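# Observations on the three-dimensional arrangement
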Amino acid sequence: MNQRNLSLMSRFTSMLQSCSCLRQGYQIHTQIIVHGMSDHNDMGSRILGMYVRCKSFSDAKNVFFRIDLGYTSPWNWMIRGFTTMGFYNNALLFYFKMLGCGISPDKYTFPYVVKACSNLNSLSLGRLIHESVVSTGFEMDVFVGSSLIKLYAENGAILDAHELFEKLPVKDSVLWNVMINGYVKNGDLKRAMEVFMQMRYTEIMPNYVTFVCVLSICASEMGRVLHGLAISCGVDSESPVANTLLAMYSKSGCLYEARKIFDMTPRTDLVTWNGMVAGYVQNGSLVEACDLFREMLSAGVKPDSITFSSFLPSVSDLVDLKQGKEIHGYIVRHGVVMDAFLKTALIDIYFKCREIEMACNVFNQTKTVDAVIYTAMISGFVLHGMYSDALRTFQRLLHAQMRPTSVTLASVLPALSGLASLRLGKELHGYILKYGHEGGGYVGSSLTDMYAKCGRLDLANSVFHRMPVRDVVAWNSMISSCSQNGKPEEAITLFRDMGLKGENYNCATISAALSACSNLPALHYGKEIHGFMMKGSFRTDLFAESALVDMYSKCGDLKLARRVFDLMEWKNEVSWNSIIAAYGTHGRVKEAQLLYQAMLEKGFQPDHITFLAMISACSHAGLIDEGINYFRSMTENYEIRARMEHYACMVDLLGRAGRLDEALNIITSMTFEADAGIWGALLGASRNQGNVEIAEVASKHLFKLDPQNSGYYILMANVHADAGQWASALKVRELMKERGVKKLPGCSWIEINGISHMFVAAYKNHPESAEIYLMLKNLLLDMKKEGYAPQPYLSEHPQIANV
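Residues numbered from 1 in each chain as written. Predicted model: local features only at pLDDT ≥ 70, side-chain atom pairs only at ≥ 80, totals over all residues. Heavy atoms only, no water.

## Thoughts on the overall build of the protein
In terms of helices and strands, the protein carries 46 helices and 2 strands. Here the protein has a C-alpha radius of gyration of 36 Å; the compact-globule value for 803 residues is 28 Å, and the former is much larger. Along the three orthogonal principal directions, the C-alpha set of the protein runs to about 135 × 55 × 55 Å. Taking all 803 residues of the protein together, 46% fall into the buried category. Here the analysis covers contacts within the protein between residues at least 6 apart in sequence; of these, 59% occur between residues at least 24 apart. For the protein, the exposed area adds up to about 40,600 Å²; of that, 53% sits on carbon and sulfur atoms. Mean positive and mean negative side-chain charge positions of the protein (76 and 77 charges, respectively) differ by 3 Å. (Helix = DSSP H or I, 4+ residues; strand = E, 2+ residues; numbered from the N terminus. Rg over C-alpha atoms; globule rule 2.2 N^0.38 Å. Buried < 20%, exposed > 50% of the residue type's maximum accessible area, 1.4 Å probe, protein only. Contact = heavy atoms within 4.5 Å. Areas by Shrake-Rupley, 256 points an atom, 1.4 Å probe, with all protein chains shown as cover. Lys, Arg positive; Asp, Glu negative; His and termini not counted. Charge placed at Lys NZ, Arg CZ, Asp CG, Glu CD.)

## Here we look at the side chain of Ser310
Tracing the chain through its elements places Ser310 in helix 19 (residues 305–318). One polar contact links the side chain of Ser310 to the main-chain carbonyl oxygen of Ile306, over a distance of 2.9 Å. Excluding its chain neighbours within four sequence positions, the residues that come into contact with Ser310 are Asn274, Val277, Ala278 and Val281. (Polar contact = N/O pair within 3.5 Å; in protein donor to acceptor, adjacent residues only side chain to side chain.)

## Comments concerning the packing of aromatic side chains
Counting across every chain of the model gives 28 aromatic pairs. With a centroid separation of 5.5 Å and an interplanar angle of 85 degrees, the aromatic rings of Tyr596 and Tyr630 are classed as edge-to-face. Of this pair, Tyr596 sits in helix 36 (residues 589–601) while Tyr630 sits in helix 38 (residues 624–637), placing them 34 residues apart in sequence. Overall, the relative accessible area of 4% leaves Tyr596 in the buried class. Site record: aromatic cluster; members linked through ring pairs are Phe64, Phe65, Trp75, Phe82, Phe87 and Phe94. In this arrangement the basic side chain of Lys171 is found over the ring face of Phe165, its NZ or CZ atom lying 5.2 Å from the centre. Seen from the ring of Phe565, Lys571 lies directly overhead, with NZ or CZ sitting 5.0 Å from the centre. (Phe/Tyr/Trp six-rings, centres within 6.5 Å; stacked < 30°, edge-to-face > 60°. Lys NZ or Arg CZ within 6 Å of the ring centre and 35° of its normal.)

## Brief notes about the packing of helix 9 (residues 142–154) against helix 11 (residues 173–185)
In contact at an axis separation of 9 Å, helix 9 and helix 11 are set at 5 degrees when each is read in the N-to-C sense. With respect to helix 11, the axis of helix 9 lies roughly parallel. For the pair helix 9 and helix 11, the contacting residues are Val142, Gly145, Ser146, Ile149, Lys150, Ala153 and Glu154 in the first and Val174, Leu175, Val178, Met179, Gly182 and Lys185 in the second. Residues belonging to the contact of helix 9 with helix 11 are distributed by class as follows: 7 nonpolar, 3 polar and 3 charged. (Axes fitted to C-alpha atoms, helices over the stretch in contact; angles between N-to-C directions. Parallel < 35°, antiparallel > 145°, perpendicular 65-115°, else oblique. Nonpolar A, V, L, I, M, F, W, Y, C, P; charged D, E, K, R; others polar.)

## Some points on the confidence of the model for the protein
Chain-level statistics for the protein give a pLDDT mean of 84 and a share of 92% at 70 or above. The secondary-structure element of the protein with the lowest mean pLDDT is helix 46 (residues 798–801), recorded at 47, while helix 36 shows the highest, at 94. The low-confidence segment residues 798–803 (pLDDT under 50) makes 10 contacts with residues lying over four places distant or belonging to another chain. (pLDDT = per-residue confidence, 0-100.)

## Re unusual backbone geometry
With the exception of glycine, the majority of residues adopt a negative phi angle, and the majority of peptide bonds are in the trans configuration. Phi is positive for Arg354, close to 65 degrees, though the residue is something other than glycine. Structurally, Arg354 is set in the loop between helix 21 (340–352) and helix 22 (356–364). Taking relative accessible area as the criterion, Arg354 reaches 33% and is therefore assigned partly exposed.

## Considering the packing of helix 24 (residues 387–399) against helix 25 (residues 406–419)
Orientation of helix 24 relative to helix 25, taken along the N-to-C sense of each, is 140 degrees, at an axis distance of 9 Å. Taken together, the axis directions place helix 24 and helix 25 in an arrangement best described as oblique. By crossing handedness, the relation of helix 24 to helix 25 is classed as left-handed. Within the contact between the two elements, helix 24 uses Tyr387, Ser388, Ala390, Leu391, Phe394 and Leu397 and helix 25 uses Thr408, Leu409, Val412, Pro414, Ala415, Leu416, Gly418 and Leu419. Its residues placed into classes, the contact of helix 24 with helix 25 shows 11 nonpolar, 3 polar and no charged. (Left-handed = near helix turned anticlockwise from the far one by under 90°.)

## Some words on helix 29 (residues 472–484)
Taking 1.5 Å of rise per residue, the 13 residues of helix 29 would be expected to cover 18 Å, and the 18 Å separating its terminal C-alpha atoms lies within 8% of that figure. Among all positions in helix 29, only Ala474, Trp475, Asn476, Ser477, Met478, Ile479, Ser481, Cys482 and Ser483 are buried. Gly486 sits one or two positions beyond helix 29 and adopts a positive phi of about 75 degrees. (Expected span 1.5 Å × (residues − 1).)

## Regarding the pattern of salt bridges
Per the stated rule, a full pass over the model turns up 20 salt bridges. Residue Lys185 pairs with Glu154 through a salt bridge whose shortest N-O separation is 3.2 Å. Of this pair, Lys185 sits in helix 11 while Glu154 sits in helix 9; the two residues are 31 residues apart in sequence, bridging distant segments of the chain. The class of Lys185 is exposed, set by a relative accessible area of 52%. Put simply, Asp389 and Arg392 hold a salt bridge, and the shortest N to O gap is 3.2 Å. Of the two residues, Asp389 and Arg392 both sit in helix 24, 3 residues apart, roughly one turn of that helix. With relative accessibility at 45%, the residue Arg392 sits in the partly exposed group. (Salt bridge = Lys/Arg side-chain N within 4 Å of Asp/Glu carboxyl O.)

## Structural notes on the UniProt feature "repeat: PPR" (unreviewed entry) in the protein
Within the UniProt annotation, "repeat: PPR" (unreviewed entry) is assigned to residues 172–206, 269–303, 370–404, 471–505, 572–606 and 607–637. Taken end to end, residues 172–206 is 71% helix and 0% strand, and its two terminal C-alpha atoms sit 10 Å from one another. Spanning residues 607–637, this segment combines 90% helix with 0% strand, and its end C-alpha atoms are found 12 Å apart. (UniProt positions renumbered as here; feature names shortened; annotations may be inferred.)

## Things to note about the environment of Ser388
Within the secondary structure, Ser388 sits in helix 24. Residue classification places Ser388 among the partly exposed positions, given a relative accessible area of 34%.

Here it is in structure tokens:
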């Protein structure tokens, strides 16, 4: 080959190496053919490389099969191309074909082959390739070694990665970064920092990749030290480092430092804007997040799906439906990619703003089945008490053969609690055990809550004590479960045990413990917890103080309840609900109504709990029309969907007024099946009004829904007894006996001088029982003198006394 041709070949080689445009590549290839140089082995390999870099696999394949394949370079290019394009199986296939053709791999072959194994999560095949690397003598090559270390680190074999890392004689910054990142991905943050400190004792300077990796695992104190080191290394202004620093300060609650970095960073980087918006939202600075989002739009920076996914939770928390719809419109108009996280954020805001139909519309536009989006729908339905819809959504996820995550399972379990479906709950528990989700804190807590609400506190206890790690959520769930299932003493004992084990209380713990004091009732325990709150950080906690209002009210001290409410620095809907309910349960309806009006005047929106308190207060005071008006206001003016408890309250309200036909019509018009609470309210009202016909309708449902509840049988038998229908009363008692239902004695508490006294009917073990019964006898005589006529007891009838 003459000098001219050598010069021309060198020129074509240089052009091929720098070519990244396929059209330009075609032109160069044409010129090579015209000059008769395409058949040269080295040139053919370079043309192949050009097509691989330009990602034109059809052209690369045509070249590959036309050139000499007796040396390594063409094979390397094809393996590299397949790996870069994500066709990892094809890359490995070509590797083994190369070996079959007797071509030996070199140091350029192994990095891409190992990368293909790593992306396929094939550790066993990676070890096999490692043996070939050792046999060919390339183990100590920095690029081959780095790829092997990354393979081991990303597939859980961190000890193998460390062993190979220690062997390598020369370690560049890439290798150190791979090792540090490997420990981070394996959750060994302490060892990651140790490797970083080892790196500092070498001549290798950390680069921006190093700082991005290490800063991602730091808290603010260590982060500040590394921030200074990044400045001294001159990489603090690198966009990835600045973004990581911003995220680190935001997670640590240091918004001032985060904003300072943001202001000093060029704002052309969308990641920086997203990081600052997310930082404000995560730290509850919702107004600042909104201001920054507007500033971002004014600066001409086009937000992406990550921006909206980060920002929309602030709109949800502010319950600003108008702004949420405006953002949704912007997303649609500007063609922002609607990924799973963005759809989830939109679904969340619509549910929180009570726009259930819009949330369903977003969900129905999703063509692919995604566990994150389905979980958002399940949580939204549960939030609005739409338990059947939540369960159907979960079933759709399973039918699509998608495996639910721990978050999905924790979200659907409250739906089973709401439906009181123990059978389905046990089936789901079996699924959770099968796939190893029970150990997760949120799943375990949801399981205990589900069993407790289905009346199986024993199973809830079993799940709780089997949990390998009990976080504050698990403790709170168990304390609440005991309190709500008639075991307030056990709840208080658990509260003490939690403190003795060194677990930190939160506002939910305090609320649960105060609820237990309310149910006991035990005013002295409640006052002790109040004292604990005043000494610590809970003295200004909204939810804990609201629970305190509720506790004092239920323990009979309305004056202290109002005092706590008046002294609260801040109030929210929960606080107002607590004090309104307090006055309602004490029969002071006018004060409750005045508080309701004051709540509206202060700009707070009533929720389903507010209306439940108002309807209940009206029911106890006999203000029937006003109670009905509150129910209509809730459903029509505020568009709040009535729940089971609202209907139960309305049945009680109408039943007390003798309007039993209206109460029955409300039950039959419900969009979901009535539970035992609603039918029980109707049965109680029927007895008070002496309506045997409607009582029989209610009892039929009750005997199916809760066949082991002795109270319903006794109540129905009393209805017949009041009407003089002794034969029918006898049949009810015989049915109770046939089903093995035992009458559980009712009990009550009273606290005197800090001591709780429990009383059961015919209970005579109390040290002052003789004096107590004498006092009751005298009171009964005085009541009869005033015209009181006691209803007949079933036991007074000779036929029933023996049943």
